[in-house]
Amino acid sequence: MSSVPTPVTPKPPRTRERVLVILQEQCKECGLCIEFCPKKVLCFTDIYNRKGYHPVTACDIDACVNCEFCERICPDMAIFLAGREEAKKAYKAGALEEGTVIPEFEAKPAERKEKSK
Ligand code: SF4
Ligand code: SF4
(Lines give C-alpha, C1' and ligand atoms only; values in the text may rest on other atoms or scores of the structure.)
(Ligands and ions follow the chains in the order given, each with its own letter.)
Protein backbone atom coordinates (compact mmCIF):
# COMPACT_ATOMS: atom_id res chain seq x y z
CA MET A 1 0.00 0.00 0.00
CA SER A 2 1.45 3.35 -0.95
CA SER A 3 1.35 6.08 1.64
CA VAL A 4 0.91 9.74 0.92
CA PRO A 5 3.27 12.00 2.89
CA THR A 6 1.50 14.17 5.44
CA PRO A 7 2.21 17.87 4.95
CA VAL A 8 4.14 19.45 7.81
CA THR A 9 3.44 22.99 8.88
CA PRO A 10 6.39 25.00 10.20
CA LYS A 11 5.93 26.57 13.61
CA PRO A 12 8.03 29.22 15.27
CA PRO A 13 10.61 27.70 17.63
CA ARG A 14 8.80 28.79 20.79
CA THR A 15 5.73 26.75 19.93
CA ARG A 16 7.52 23.60 18.84
CA GLU A 17 7.10 20.91 21.42
CA ARG A 18 10.46 19.27 20.96
CA VAL A 19 14.00 20.40 20.42
CA LEU A 20 16.69 18.91 18.23
CA VAL A 21 19.52 17.19 20.08
CA ILE A 22 22.76 16.18 18.36
CA LEU A 23 25.27 13.80 19.93
CA GLN A 24 28.28 14.98 18.01
CA GLU A 25 30.60 12.30 19.40
CA GLN A 26 28.34 9.62 17.90
CA CYS A 27 28.08 11.21 14.46
CA LYS A 28 29.98 9.44 11.67
CA GLU A 29 29.56 12.12 9.02
CA CYS A 30 27.47 9.91 6.72
CA GLY A 31 25.36 12.89 5.64
CA LEU A 32 22.04 11.05 5.54
CA CYS A 33 20.29 13.47 7.90
CA ILE A 34 21.51 16.43 5.86
CA GLU A 35 20.29 14.86 2.66
CA PHE A 36 16.86 13.90 4.00
CA CYS A 37 16.01 16.94 6.12
CA PRO A 38 13.15 18.56 4.16
CA LYS A 39 13.96 22.00 5.53
CA LYS A 40 17.73 22.04 4.99
CA VAL A 41 18.30 22.59 8.69
CA LEU A 42 21.46 20.53 9.01
CA CYS A 43 25.05 20.92 7.89
CA PHE A 44 28.51 19.66 8.80
CA THR A 45 30.75 21.48 11.24
CA ASP A 46 34.45 21.96 10.54
CA ILE A 47 35.44 20.53 13.93
CA TYR A 48 36.53 16.90 14.45
CA ASN A 49 35.01 14.55 16.98
CA ARG A 50 37.04 11.88 18.74
CA LYS A 51 36.43 9.43 15.91
CA GLY A 52 37.86 11.89 13.43
CA TYR A 53 34.61 12.86 11.75
CA HIS A 54 33.11 16.27 11.14
CA PRO A 55 29.85 16.06 13.10
CA VAL A 56 26.56 17.56 12.09
CA THR A 57 25.09 20.72 13.52
CA ALA A 58 22.05 22.87 12.72
CA CYS A 59 22.81 25.76 10.39
CA ASP A 60 19.19 26.91 10.35
CA ILE A 61 17.49 25.59 13.47
CA ASP A 62 14.55 27.99 13.10
CA ALA A 63 13.49 26.06 10.00
CA CYS A 64 13.12 22.74 11.87
CA VAL A 65 9.57 21.39 11.78
CA ASN A 66 10.05 18.46 14.19
CA CYS A 67 9.37 15.97 11.40
CA GLU A 68 11.74 13.32 12.85
CA PHE A 69 13.22 12.35 9.48
CA CYS A 70 16.74 12.90 10.81
CA GLU A 71 16.07 10.80 13.90
CA ARG A 72 14.63 7.97 11.85
CA ILE A 73 17.36 7.88 9.28
CA CYS A 74 20.47 8.27 11.43
CA PRO A 75 22.18 4.85 11.64
CA ASP A 76 24.07 5.90 14.77
CA MET A 77 21.29 7.44 16.86
CA ALA A 78 23.29 10.62 16.92
CA ILE A 79 20.39 12.99 16.27
CA PHE A 80 16.91 13.05 17.75
CA LEU A 81 14.12 15.16 19.14
CA ALA A 82 13.64 15.55 22.89
CA GLY A 83 11.00 17.14 25.09
CA ARG A 84 11.67 20.85 25.40
CA GLU A 85 11.27 21.21 29.15
CA GLU A 86 13.33 18.17 30.02
CA ALA A 87 16.07 19.19 27.60
CA LYS A 88 16.12 22.75 28.91
CA LYS A 89 16.44 21.54 32.48
CA ALA A 90 19.43 19.34 31.60
CA TYR A 91 20.99 22.11 29.51
CA LYS A 92 20.66 24.70 32.27
CA ALA A 93 21.99 22.30 34.87
CA GLY A 94 25.03 21.59 32.69
CA ALA A 95 24.04 17.93 32.81
CA LEU A 96 24.55 17.15 29.13
CA GLU A 97 27.14 14.64 28.08
CA GLU A 98 30.21 16.01 26.32
CA GLY A 99 29.52 16.62 22.64
CA THR A 100 25.77 17.04 23.12
CA VAL A 101 24.46 20.01 21.21
CA ILE A 102 20.99 21.55 21.43
CA PRO A 103 21.17 24.21 18.72
CA GLU A 104 17.96 25.93 19.68
CA PHE A 105 19.28 26.81 23.11
CA GLU A 106 22.72 27.73 21.92
CA ALA A 107 21.83 30.29 19.28
CA LYS A 108 22.49 33.82 20.47
CA PRO A 109 19.25 35.76 21.09
CA ALA A 110 20.27 38.48 18.64
CA GLU A 111 20.65 35.90 15.89
CA ARG A 112 17.28 34.32 16.45
CA LYS A 113 14.19 35.20 14.48
CA GLU A 114 12.00 34.56 17.52
CA LYS A 115 13.31 35.08 21.00
CA SER A 116 12.52 32.43 23.58
CA LYS A 117 11.19 33.55 26.92
S1 SF4 B 1 13.30 17.14 12.65
FE2 SF4 B 1 15.29 16.76 11.65
S3 SF4 B 1 14.77 16.29 9.51
FE4 SF4 B 1 12.94 17.26 10.41
S5 SF4 B 1 13.15 19.44 9.92
FE6 SF4 B 1 14.08 19.13 11.97
S7 SF4 B 1 16.28 18.80 11.55
FE8 SF4 B 1 15.17 18.47 9.63
S1 SF4 C 1 22.73 10.64 9.93
FE2 SF4 C 1 23.63 10.52 12.01
S3 SF4 C 1 25.72 9.80 11.69
FE4 SF4 C 1 24.93 10.48 9.69
S5 SF4 C 1 25.63 12.62 9.52
FE6 SF4 C 1 23.57 12.64 10.42
S7 SF4 C 1 23.88 12.66 12.66
FE8 SF4 C 1 25.82 12.03 11.70
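This one's a predicted model, so the numbers in the text were calculated from it and none came from an experiment.

A. Broad picture of the sheet that holds strand S1 (residues 18–23). The strand order across the open sheet formed by 3 strands is S4-S1-S5, and the pairing between neighbours is antiparallel. If you trace the sheet from one side to the other, it starts and ends with strand S4 (79–83) and strand S5 (100–101), each paired once. Pairing of S1 with S4, which is carried by 5 bridges, proceeds in the antiparallel orientation. Along S4, the bridge assignment pairs Arg18 with Gly83.

B. A look at the site of ligand 1. Within the structure, ligand 1 sits among 14 residues, and Cys37, Cys64, Cys67, Phe69 and Cys70 are positioned closest to it. The class makeup of the residues in the shell around ligand 1 is 11 nonpolar, 1 polar and 2 charged.

C. Seen up close, the site of ligand 2. Taken together, the neighbourhood of ligand 2 is formed by 13 residues, with Cys27, Cys30, Cys33, Cys74 and Ala78 sitting nearest. When its residues are assigned to classes, the shell around ligand 2 shows 9 nonpolar, 1 polar and 3 charged.

D. Expanded view of the pairing of S1. The buried fraction of S1 amounts to 5 of the 6 residues, a majority that puts the element mostly inside the structure. As defined by bridge partners, S1 adjoins S5 across 2 bridges and the pair is classed as antiparallel. Of the residues in S5, the one forming a bridge with Leu23 is Thr100.

E. Looking closely at the nonpolar core. Among the nonpolar cores identified, the biggest contains 21 residues, and Leu20, Ile22, Cys33, Leu42 and Ile79 are the most heavily contacted of them. At the level of elements, S1 and strand S3 (56–58) are the ones that each hand at least two residues to this core. When residues in this core are grouped by element, the largest group, 5 residues, is from S1.

F. Region of the structure containing unusual backbone geometry. Even without a glycine there, the phi angle at Asn66 is positive, about 60°. Topologically, Asn66 is positioned in the loop between S3 and helix H2 (69–73). What makes Asn66 partly exposed here is the crowd of 14 C-beta atoms within 10 Å. The backbone phi angle of Glu68 is positive, close to 80°, even though this residue is not glycine. Looking at where Glu68 falls in the secondary structure, it is placed in the loop between S3 and H2. The class of Glu68 is partly exposed, set by 13 C-beta atoms lying within 10 Å.

What counts and how
- Residues numbered from 1 in each chain as written.
- Chains lettered and ligands numbered in written order.
- Predicted model: local features only at pLDDT ≥ 70, side-chain atom pairs only at ≥ 80, totals over all residues.
- Pairing = 2+ DSSP bridges.
- Helix = DSSP H or I, 4+ residues; strand = E, 2+ residues; numbered from the N terminus.
- Near = placed C-beta within 6 Å.
- Nonpolar A, V, L, I, M, F, W, Y, C, P; charged D, E, K, R; others polar.
- Buried ≥ 20, exposed ≤ 12 C-beta atoms within 10 Å, placed from the backbone.
- Core = buried A, V, L, I, M, F, W, Y, C linked by C-beta atoms within 7 Å.

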